[in-house]
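One letter stands for each residue in the lines below.
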Amino acid sequence: VGLESWRQLALGEAYLQKGDVAQAQAALNLAQGAAPPDARFFVRLTRARLAQGRLTEARAALATALKYRDPRHPHLALAQAELALAQGFDTDAAKILAALWPSPWRDLALGRARVALGEAQAALEPLRRAQAARPADRQLQSYVLLARGLTAQGRPDPALAAELGTLAGQGVRLASY
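Reading guide: rules and limits
Think of each chain on its own: its residues are numbered from 1, step by step along the sequence as written. Per-residue local features of the predicted model are confined to residues with pLDDT of at least 70, and side-chain atom pairs are confined, for both listing and counting, to 80 or more; whole-chain, interface and lining totals are unaffected and use all residues. Side-chain metrics in this entry use all non-hydrogen atoms of the structure; hydrogen atoms and water are not considered. Within 6.5 Å between ring centres, the rings of Phe, Tyr and Trp (the latter by its six-membered ring) count as paired, and their orientation is classed by plane angle as stacked under 30 degrees, edge-to-face over 60, tilted in between. Helical segments are the DSSP runs of H or I of at least four residues, strand segments are the runs of E of at least two, and each set is numbered from the N terminus. Between buried and exposed lies partly exposed: a residue is buried under 20% and exposed over 50% of the maximum accessible area for its type, with that area taken using a 1.4 Å probe on protein chains only. Comment: the charge-over-ring label is applied if NZ (Lys) or CZ (Arg) is within 6 Å of the ring centre and within 35 degrees of the ring normal.

1. Quick notes on the packing of aromatic side chains
Then, number 1: On inspection of all chains with the given rule, the structure shows 3 aromatic pairs.
Then, number 2: A centroid spacing of 5.3 Å and a plane angle of 85° characterise the contact between tryptophan 6 and phenylalanine 41, whose relative ring orientation is edge-to-face. Taken together, the residues span a long stretch of sequence, with tryptophan 6 in helix H1 (residues 2–18) and phenylalanine 41 in helix H3 (residues 39–52) at a distance of 35 residues.
Then, number 3: On the numbers, 6.1 Å between centres and 25° between planes, the contact of phenylalanine 42 with tyrosine 68 is stacked. In this pair, phenylalanine 42 is assigned in helix H3 and tyrosine 68 in helix H4 (residues 55–68), connecting sequence segments 26 residues apart.
Then, number 4: Overall, phenylalanine 42 belongs to the buried group, its relative accessible area being 7%.
Then, number 5: Judged by its relative accessible area of 40%, tyrosine 68 falls in the partly exposed class.
Then, number 6: Looking at arginine 47, its charged tip hangs above the ring of tryptophan 105, at a distance of 5.5 Å from the centre.
Then, number 7: Between arginine 134 and the ring centre of tryptophan 105, over which it is positioned, the NZ or CZ distance is 4.2 Å.

Below, the structure is given as structure tokens:
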């Protein structure tokens, strides 16, 4: 039971990366149906549901994860912050994230929160740290470019526009809930 649910979760995540929404939904539903009593599983399921834009299901997965682990655990706190960010509680998300030890995931989420709060200049530092650790992450590149564009204060930047156009042509999208 447990191993098959992990396999289905991994398949669902892979389908999400490829943009195959229907296959992702089917795999994630199978994974959830036979889920092990493991907080790590439910944190990953929370992130997958957030990537799908399914906030109610993400909230339920996070609540289940909290049954199995101390809510102050860094992975749970990060998932709570990502959910808060998805729900528009940008200030709450930023507070949670600022208290966590830096990691690429934390820095990406903190950068996103700061952009949402209108603090584009402050967003650049954590976003660039995350980018140094994950240089191939196109969504992260998009947030760095967005923060750079917002700090340009109306000055046109042809290089920035070209980079954003390239990423858009590759199907990169910013998180939307």
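Moving on from the coordinates now.
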